[in-house]
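Structure assessment
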Amino acid sequence: MSMEITDNAKTSKCLGNTGSEHLETEKCERLTRLPIARIRTLVKADDDVSIASQESIFLITKATELFVECLAKNVYKVMQGQKRKTIYKKDLDSIVETLDEYAFLEGALE
Amino acid sequence: MAEKPEDLNLPNSVIARIIKEALPEGVIISKESRSAISKAASVFVLYCTSCANNYALQQKRKTLKDVDVLAALEEMEFENFVPQLKQFLEAFKLEQKGKKTALEKRRKAKESSANTPELTSDVEKADAAGIGAEMGNLDELLVMDTDDGANNKFEPINSN
């Protein structure tokens, strides 16, 4: 158990302690927060996809949760230096332009 | 993407909760940016699916598998997600295994409980005629025992 917590802290850029807590709580309760069925609908919307395994849908669901968490934290970093407490869309636009991993979102959020 | 906006959106409440827990207390996120993050999440799913599917096709497979998703994330520059996702996947596989075992147990229990009433009915049917006779025999045995007890069996050894 302790190894998992250490690994989580080391390997995850975005999820410090909250990540490990989530891992333990989620093991006891539900494994996902986002509904797997909704993700499956999105995956099946791609005509090129014929069949998707249960595990793959689960992974995409979890990855999306991590993505949202990471995105929120990255957006927060942008406005952290400033005196305001509210995150605006412009902060999101800013990281889409500057961070490579969010380049796929260019033009998608308008 | 604009064809069915309702179907392609993820539940706002869940997205909002994930964002809230990711941010320190006191930080407010505007409705517009929350909506944009939700949209971004949907786009992420579609992009991840597409990348994963390409990987599967490269491997000459038609089924999208977990390895394809992990490979896609590396390509998308989200390789930092991979270690944690692998742990989650193990937990998921265990859960699925547990569910399967529970389902099998339930199925077996149903089968055994289904068998028991049949037996009873068979006994009832087959022995309906013979029960009275059997009972009668039993009564005789009991009577015999009692008699024996009165004469021999229940007398203490010491008295002999």
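Quick caveat: nothing in here was measured; it's all calculated off a predicted structure.

Right, let's get into the overall build of chain B. For chain B, the count of helices and strands is five helices and two strands. Going from N to C terminus, chain B has its helices and strands arranged as α-α-β-α-β-α-α. Taking contacts inside chain B between residues at least 6 apart in sequence as the whole, the part at least 24 apart equals 36%. Just so you have it, chain B exposes about 10900 Å², and 54% of that area is on carbon and sulfur atoms.

For chain A, the count of helices and strands is five helices and two strands. Taking all 110 residues of chain A together, the buried fraction comes to 48%. As displayed, chain A has an accessible area near 5700 Å², and 49% of this comes from carbon and sulfur atoms.

Our focus in this paragraph is unusual backbone geometry. Residue and element names in this part refer to chain B. Even without glycine at this site, Lys 60 takes up a positive phi of about 60°. Assignment of secondary structure puts Lys 60 in the loop between helix 3 (31-58) and strand 2 (63-64). Within the chain, Glu 77 stands out as a residue other than glycine whose phi angle is a positive 70°. Looking at the secondary structure, you find Glu 77 in the loop between helix 4 (66-75) and helix 5 (82-153).

Listed by partner, the interface residues are 60 residues for chain B and 62 residues for chain A. Counting every contact that joins chain B to chain A gives one salt bridge. Its salt-bridge partner being A:Arg33, residue B:Glu21 comes within 2.9 Å of it at the nearest N-O pair. Along the contact surface separating chain B from chain A lie twelve residue pairs in polar contact (both at pLDDT 80 or more). Those elements that provide at least two residues to the side of chain B that touches chain A are helix 1 (5-8), helix 2 (12-22), strand 1 (28-29), helix 3, strand 2, helix 4 and helix 5 of chain B. With 17 residues, the single largest contributor to the side of chain B that touches chain A is helix 3 of chain B. The residue makeup of the side of chain B that touches chain A, split by class, is 36 nonpolar, 13 polar and eleven charged. Pairing analysis gives two bridges linking strand 2 (residues 86-87) of chain A to strand 1 of chain B, with the strands arranged parallel. Paired with A:Ile87 across the two strands is B:Ile29, which belongs to strand 1 of chain B.

Bringing the UniProt feature "domain: Transcription factor CBF/NF-Y/archaeal histone" (unreviewed entry) in chain B into the picture now. Under the UniProt annotation, the feature "domain: Transcription factor CBF/NF-Y/archaeal histone" (unreviewed entry) is placed at residues 9-73 of chain B. Span residues 9-73 of chain B is 72% helix and 6% strand, its end C-alpha atoms 21 Å apart.

Attention now moves to the UniProt feature "domain: Transcription factor CBF/NF-Y/archaeal histone" (unreviewed entry) in chain A. Those places that UniProt annotates as "domain: Transcription factor CBF/NF-Y/archaeal histone" (unreviewed entry) correspond, in this numbering, to residues 33-94 of chain A. Helix makes up 68% of residues 33-94 of chain A and strand 6%, and the two end C-alpha atoms of the span are 28 Å apart.

With that settled, the discussion passes to the packing of aromatic side chains. Applying the stated rule across the entire model yields eleven aromatic pairs over all chains. An aromatic cluster of at least three residues, connected via ring pairs, comprises A:Phe67, A:Tyr102, A:Phe104, B:Phe44, B:Tyr47, B:Phe78 and B:Phe81. The ring of B:Phe88 has A:Lys62 sitting right over it, with the charged end atom 4.2 Å from the ring centre.

Quick notes on the rules
- Residues numbered from 1 in each chain as written.
- Chains lettered and ligands numbered in written order.
- Predicted model: local features only at pLDDT ≥ 70, side-chain atom pairs only at ≥ 80, totals over all residues.
- Heavy atoms only, no water.
- Helix = DSSP H or I, 4+ residues; strand = E, 2+ residues; numbered from the N terminus.
- Contact = heavy atoms within 4.5 Å.
- Areas by Shrake-Rupley, 256 points an atom, 1.4 Å probe, with all protein chains shown as cover.
- Buried < 20%, exposed > 50% of the residue type's maximum accessible area, 1.4 Å probe, protein only.
- Salt bridge = Lys/Arg side-chain N within 4 Å of Asp/Glu carboxyl O.
- Polar contact = N/O pair within 3.5 Å; in protein donor to acceptor, adjacent residues only side chain to side chain.
- Nonpolar A, V, L, I, M, F, W, Y, C, P; charged D, E, K, R; others polar.
- Pairing = 2+ DSSP bridges.
- UniProt positions renumbered as here; feature names shortened; annotations may be inferred.
- Phe/Tyr/Trp six-rings, centres within 6.5 Å; stacked < 30°, edge-to-face > 60°.
- Lys NZ or Arg CZ within 6 Å of the ring centre and 35° of its normal.

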